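Structure assessment
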Amino acid sequence: MNEITPRLRFAPSPTGYLHIGGLRTALYNYLFAKNKNGKLILRIEDTDRKRFVEGAIENLIDTLNWAGISFDEGPDIGGEFSPYLQSERLGIYKELAQKLISEGKAYYCFCTPERLEKLKEEQQKQKLPQAKYDKYCLHLSKTEIEEKLNSCIPHVIRLNVKPDQKIIFDDVIRGTVEFETNNIDDQVLLKSDGFPTYHLANVVDDHLMAISHVIRGEEWLSSTPKHIILYDYFGWEKPIFAHLPLLLNPDKSKLSKRQGDVAVEDYREKGYLKEALINFVALLGWNYGDDKEFYEIDELIEKFSLERVHKSGAVFNIEKLNWLNFEHLRRKPDTEVLKMLRAEIEKSEFKDNKYSDEYLLKVISAMKERVSFIKEYLSKSPYFFHAPETYEEQNLKKRWKEDSAELLNKLKERFELLNNPSKEDFEKVLDEIASQLGISKGQLVHPLRIAVSGVGEGPGVYDIVYILGKEETISRINVALQKLS
RNA sequence: GGCGCGUUCGUCUAGUGGCUUAGGACGCCGCCCUCUCAAGGCGGAGAUCGCGGGUUCGAAUCCCGCACGCGCUACCA
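These lines cover the structure that appears in this document, whether it is placed above or below. (Residues numbered from 1 in each chain as written. Chains lettered and ligands numbered in written order. Predicted model: local features only at pLDDT ≥ 70, side-chain atom pairs only at ≥ 80, totals over all residues. Heavy atoms only, no water.)

Moving on, we get to the pairing of strand E9 (residues 240–244). Of all five residues in E9, four are buried; the element is thus mostly enclosed. Of the strand pairs in this sheet, strand E8 (residues 213–217) and E9 are connected by five bridges, and their pairing is parallel. Across the sheet, Arg216 pairs through a bridge with His243, a residue of E9. Between the parallel elements E8 and E9, the chain passes through helix H7 (residues 224–234) in a crossover that is right-handed. (Buried < 20%, exposed > 50% of the residue type's maximum accessible area, 1.4 Å probe, protein only. Helix = DSSP H or I, 4+ residues; strand = E, 2+ residues; numbered from the N terminus. Pairing = 2+ DSSP bridges. Right-handed = clockwise from strand over helix to strand, strands pointing away.)

Have a look at this one:
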């Protein structure tokens, strides 16, 4: 059918935020579509009015945009198969459900929730292998149905599943999967509020929107036979199915809230790069077959294939994500890091301070290999943004000796003679003093580091001092001398 | 309970009958580099490939059974 241009879709329901598992599903659809020169459609499955969340759709689209997953059709961009909001397609579902009824492939059901509840209880008590609707309303007479319909008794439309048949279908990832219709319930297709259930709406829209490949989470595998039945009842060609392995919590259950962050926006807020998140999530369930782990989106598109998607679930391991964030961040050009750093400063206590681009660029080159997140420029090297107010206790104990103040004072005096010093100039001065006094460089370096940064770790001291500049360095030494003598 | 899917180092994974003393990565540990911390280099610990049977000269790789895990079992998606 659509072998020339595959049509893919990502069809989330607007429950408030984009789940990290949803991001991966969207990504795989995107990668597949791009790889095959196909189209990607965004469809919103807002058929559950009870779960409707204000602003969820906007949020979903915003997050997808942030992640760089772009669509060819969707509620915000329109397209040939509009509308892309299921809540705006109610008439279509109703009409098709009625068509099924007229052909005996579906039927009205007037059973109350109470009767359904009771039925379930009884079936459980009898230890029946599976709890299913008993098709009670299938056997209502025409006049009974008319009567109930006319007196506006709440009703649903159910799928009429024929017993004793086998439903067999191929899944790109799992191979041939087989179900027996005896294990399939007469699923509700149209709810009493006139909204369709997922099963009806999904099948109808996938067909009407000419979707060629359905790539979705494994949680849908069990209900795929219902969808197959629907395709067959309608006489429609079936799409190709691919059920993705689940993303798991550390305890191997389906990735969920409670056990950590599952919303993409949480990671975004924490400062994760979209490149890192995409890279990470792509590798959770897919691998090209080699040892490569660092990917940019273009290469992912080029190499992705469904055939190499795994069958088993993958635990979401934050350590590796952090590493990938570091790897992606360090590869960014300094000018881009500068922009991000400026944005971070704006949000921080240093927002009123003025730093030149030249200065910040020096900070970036000094700290680049030491930070995994932009905000760490501020948290790991605050001394580049303001003078230290306190000095790390532990470090002081270890590195601040009896003679430190005196040595530091000597160093300061020599620094004062310097004119527009380079990093090497600072180093030379320190070298000279050390050899003149016959002491190790460490005896000067460590106190200097403490005085100037307040902490015991960071870039080379000469780098710090050079970046800070002569005036600031001397002023910090003075303060330290005062406080520590 | 029923049905379905899955099972290689802690985690992500390579592996599709011999090239495997099961490879890589993250994390962990050690050494080197070094003014510190990183980065980098080198090395280490870590998987009897869920278990038990087969098939085969030979199995992580093929077949069967079992166990365990997960998913589904809603007028939720």
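This next bit is on helix H19 (residues 461–468). Think of an α-helix as turning once every 3.6 residues; residues three or four places apart then point the same way. For H19, a buried count of six out of eight residues is recorded, marking the element as mostly surrounded by other parts of the structure. Its buried side turned inward, H19 meets helix H13 (357–367), helix H17 (423–437), helix H18 (442–453) and helix H20 (470–484). (Contact = heavy atoms within 4.5 Å.)

We now examine the packing of helix H16 (residues 404–416) against H20. Where H16 meets H20, the axes come as close as 10 Å, and the angle between the chain directions of the two elements is 155°. In terms of axis orientation, H16 runs roughly antiparallel to H20. With respect to the hand of their crossing, H16 and H20 are arranged in left-handed fashion. Of the residues in H20, those touching H16 at Ala405, Leu408, Asn409, Lys412, Phe415 and Glu416 are Lys470, Thr473, Ile474, Ile477, Asn478 and Leu481. (Axes fitted to C-alpha atoms, helices over the stretch in contact; angles between N-to-C directions. Parallel < 35°, antiparallel > 145°, perpendicular 65-115°, else oblique. Left-handed = near helix turned anticlockwise from the far one by under 90°.)

For the rest of this paragraph, the subject is the protein's contact with RNA strand B. Taken together, 64 residues sit near RNA strand B, with Glu293, Glu369, Arg370, His446 and Gly458 positioned nearest. Atoms of RNA strand B within 4 Å of the protein: sugar and phosphate make up 73%, bases the balance. At 2.7 Å from a base oxygen of RNA strand B is found a side-chain nitrogen or oxygen belonging to Ser192. Within the side chain of Lys254, one N or O atom sits 3.0 Å away from a phosphate oxygen of RNA strand B. Of all elements in the fold, only strand E4 (156–159), strand E6 (175–180), strand E11 (314–315), helix H11 (318–331), H18 and H19 reach the threshold of two or more residues within the surface near RNA strand B. The element contributing the most residues to the surface near RNA strand B is H11, with five residues. The class makeup of the residues in the surface near RNA strand B is 21 nonpolar, 18 polar and 25 charged. (Near = heavy atom within 4 Å. Polar contact = N/O pair within 3.5 Å; in protein donor to acceptor, adjacent residues only side chain to side chain. Nonpolar A, V, L, I, M, F, W, Y, C, P; charged D, E, K, R; others polar.)

Right, let's get into the pattern of salt bridges. With the rule as written, the count across this model stands at 36 salt bridges. Close ionic contact of Asp134 with Arg115 constitutes a salt bridge, the shortest N to O distance being 2.6 Å. In this pair, Asp134 sits in the loop between helix H4 (113–125) and helix H5 (142–150) while Arg115 sits in helix H4, placing the two residues 19 residues apart along the sequence. Residue Asp134 is classed as partly exposed on the basis of its relative accessible area, which comes to 34%. Through salt bridges with shared partners, a single network forms among Arg9, Arg43, Glu45, Arg89, Asp205 and Asp206. (Salt bridge = Lys/Arg side-chain N within 4 Å of Asp/Glu carboxyl O.)

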